[in-house]
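Residue strings, one per chain:
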Amino acid sequence: MNTNWTEHAHFAALDWAGDHHDVCVVDRTGMITAEFRFAHTAAGWAEFTDKMKPFVGCPLTLETSSGPAVDQLLQRGWALYPVAPPAAAHYRERKVPSGTKTDRHDTWALADALRTDGHAWRPLRPQDEATATLRALCRDEIALIEERTALVNQLRAALREYYPAALEAFEDWTAAYTWVFLLAFPTPAQLQAAGKRKWEKFLHTHKLWRPQTVDQRLAIFAAATALPASAPVTAAKSLLAVSLAKVLLTLQAQLDEYRQRISQAFRTHPDHDLFGGLPGAKDVLGPRLLAELGSVREEYPDSESLMCQAGVSPVSYQSGQIEKCRLRRACDKVLRFTVHLWVNASRKKCAWAQAYYQRKREEGHSHASALRCLGKRWLKILWRLWVDRKPYDEKVYLTSLQRRGSQLWGQLNGATVPMPPL
């Protein structure tokens, strides 16, 4: 809560776009003091700096917490108060109930909302260079992985039309050897013509020779042309499949470089030991957790704020005699996804985590709901470790459970809890 909010003489808002931005400044009574548009160029930002000189030090709001506009504003030392787009839409409706929407109205509505409600908004706290770099790398890696998933789905759709034997022979089409297989044998006819010796050589070369699967794969290769597609379909879809395979191989090379850069940035980060020692986090989820939490401890004053941002705390709904809870959707989606993966992986490393998850399933929770419950418990622990800058020590946590006489401690010592398969 910003207790000195009424001391500000002016409040500003910026409505950003790709090539230009709109600015509106209101005084403490709500009167528009200045409004202008400037281009997203060096000259435009110089114009912004010149026109905003009378208002230096006033809070400024906009509908995003990242991007080129935010970067430029932070470099110029502005105190930023980002607002979520859904909230911005409601503020606009409050000021313009007719439904009119223009950049000018949007900027004015945001500036006035900052004046009246901004005292309760969270400021954007810039991260240090190491954390900002790691965050950008991790988020870009996730975006590339999502792109790879989309390309793999396209590839599988193409193969389903003319090459079902390939889909039957290999399950994991995110593995690079499947793409190499398509480049070596683009069509069922070419696979058939290659012969058994080349099939065996491919399996040996890519370390796919397994006694339990080799006979089945060789049999699939031998029957690849049993149900051939028409010549036009084969010609078109084989070209598409080969094209996608080449793109995927290039994309995978870039993902490998990202992984190397992320590992290097993670190893040199001051909080490496804290996040690197979390059970189940390893070298993939550890950097992502660190990047999303950041290094500014004031960002999350308590564990509840962290749990809300991660989406594991439910949203309450009460109206009359209706009272229920539902999934929290307004949260950091990257953090929620990362916590989900980490919590699930932790069950394979921690007996208490698996015991807690199992108890929630027995209470009737779904898999996702049980993981969110476990996520709340983990995030309470992580928040304390993060604030105290201490690595995780399971002995300390188990001792705490024993001292408090926790039901979980009794469950761990009363019966053997089966661990999930690795």
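Attention in this report is confined to the structure presented alongside it. (Residues numbered from 1 in each chain as written. Predicted model: local features only at pLDDT ≥ 70, side-chain atom pairs only at ≥ 80, totals over all residues. Heavy atoms only, no water.)

**Examining the overall build of the protein**
Next, step 1: Scanning the protein from terminus to terminus reveals 19 helices and 6 strands.
Next, step 2: Taking 22 Å as the expected radius of gyration for a compact globule of 422 residues, we find that the protein reaches 28 Å, considerably beyond that expectation.
Next, step 3: For the protein, the residues scored as buried account for 43% of the 422 residues in total.
Next, step 4: Excluding contacts between residues fewer than 6 apart, the proportion of contacts in the protein whose partners are at least 24 apart in sequence is 61%.
Next, step 5: For the protein, the exposed area adds up to about 22300 Å²; of that, 53% sits on carbon and sulfur atoms.
Next, step 6: Each charge class in the protein can be summarised by its mean position, and for the 55 positive and 44 negative side chains these summaries are 7 Å apart. (Helix = DSSP H or I, 4+ residues; strand = E, 2+ residues; numbered from the N terminus. Rg over C-alpha atoms; globule rule 2.2 N^0.38 Å. Buried < 20%, exposed > 50% of the residue type's maximum accessible area, 1.4 Å probe, protein only. Contact = heavy atoms within 4.5 Å. Areas by Shrake-Rupley, 256 points an atom, 1.4 Å probe, with all protein chains shown as cover. Lys, Arg positive; Asp, Glu negative; His and termini not counted. Charge placed at Lys NZ, Arg CZ, Asp CG, Glu CD.)

**Remarks on helix α13 (residues 282-293)**
Next, step 1: With 12 residues, α13 should reach 16 Å at 1.5 Å per residue; the first-to-last C-alpha distance of 16 Å fits that figure.
Next, step 2: Buried residues dominate α13, accounting for 9 of its 12 residues.
Next, step 3: Residues of α13 that are buried: Leu285, Gly286, Pro287, Arg288, Leu289, Leu290, Ala291, Glu292 and Leu293.
Next, step 4: Elements in contact with the buried residues of α13: α5 (129-162), α11 (231-267), α12 (272-276), α14 (303-310), α15 (333-346) and α17 (367-388).
Next, step 5: Just downstream of α13 lies Gly294, where phi reads positive at about 80°. (Expected span 1.5 Å × (residues − 1).)

**What to know about the environment of Trp108**
Next, step 1: By secondary structure assignment, the location of Trp108 is in helix α4 (residues 103-117).
Next, step 2: Taking the C-alpha atoms as reference, Trp108 lies 53 Å from Trp179; in sequence the two are 71 residues apart.
Next, step 3: Ignoring any residue separated from it by four or fewer positions in sequence, one finds Trp108 in contact with Cys24, Val26, Gly30, Ile32 and Lys95.

**Regarding helix α16 (residues 351-362)**
Next, step 1: Taking 1.5 Å of rise per residue, the 12 residues of α16 would be expected to cover 16 Å, and the 16 Å separating its terminal C-alpha atoms lies within 8% of that figure.
Next, step 2: Of all the positions in α16, only Trp352, Ala353, Gln354, Ala355, Tyr356, Tyr357, Arg359 and Lys360 are classed as buried.
Next, step 3: A positive backbone phi angle near 105° is found at Gly364, which sits one or two residues after α16.

**Quick word on the packing of aromatic side chains**
Next, step 1: Taken as a whole and judged by the stated rule, the model has 25 aromatic pairs.
Next, step 2: When the centroid spacing of 6.5 Å and the interplanar angle of 50° are considered together, the rings of Phe36 and Phe48 count as tilted. Taken together, the positions of Phe36 in strand β3 (residues 32-39) and Phe48 in helix α1 (residues 42-51) put the pair 12 residues apart, joining distant regions of the chain. Both residues of the pair, Phe36 and Phe48, count as buried.
Next, step 3: Measuring from ring centre to ring centre gives 4.7 Å for Trp352 and Tyr397, while their planes differ by 50°; the resulting arrangement is tilted. (Phe/Tyr/Trp six-rings, centres within 6.5 Å; stacked < 30°, edge-to-face > 60°.)

**Digging into the nonpolar core**
Next, step 1: Counting 45 residues, the largest nonpolar core has Phe275, Leu278, Trp342, Trp352, Trp378, Leu379 and Tyr392 as its most contacted members.
Next, step 2: Broken down by element, the residue count for this core peaks at 11 residues, all from α17.
Next, step 3: Leave out the neighbours within four places in its chain, and Leu379 touches Leu306, Met307, Ala310, Val312, Val339 and Trp342.
Next, step 4: Core analysis: the next-biggest nonpolar cluster, separate from the first, contains 32 residues, Leu151, Trp173, Leu203 and Leu248 among them. (Core = buried A, V, L, I, M, F, W, Y, C linked by side-chain atoms within 4.5 Å.)

**Some thoughts on the pairing of strand β5 (residues 315-319)**
Next, step 1: In terms of strand pairing, β5 meets strand β6 (residues 322-326) through 5 bridges, oriented antiparallel. When the bridges of β6 are listed, Tyr317 appears paired with Lys324.
Next, step 2: In this structure, the hairpin formed by β5 and β6 is closed by a connection of 2 residues, where Gly320 is found at a positive phi of approximately 65°. (Pairing = 2+ DSSP bridges.)

**Notes on the packing of helix α9 (residues 196-205) against helix α10 (residues 214-222)**
Next, step 1: Where α9 meets α10, the closest approach of the two axes is 11 Å, and the angle between their N-to-C directions is 135°. The orientation of α9 relative to α10 falls into the category oblique. Pair α9 / α10 crosses with right-handed handedness. Where α9 abuts α10, its residues Lys196, Trp199, Glu200 and Leu203 lie against Val214, Arg217, Leu218, Phe221 and Ala222.
Next, step 2: Classifying every residue of the contact of α9 with α10 by side-chain character gives 6 nonpolar, no polar and 3 charged. (Axes fitted to C-alpha atoms, helices over the stretch in contact; angles between N-to-C directions. Parallel < 35°, antiparallel > 145°, perpendicular 65-115°, else oblique. Left-handed = near helix turned anticlockwise from the far one by under 90°. Nonpolar A, V, L, I, M, F, W, Y, C, P; charged D, E, K, R; others polar.)

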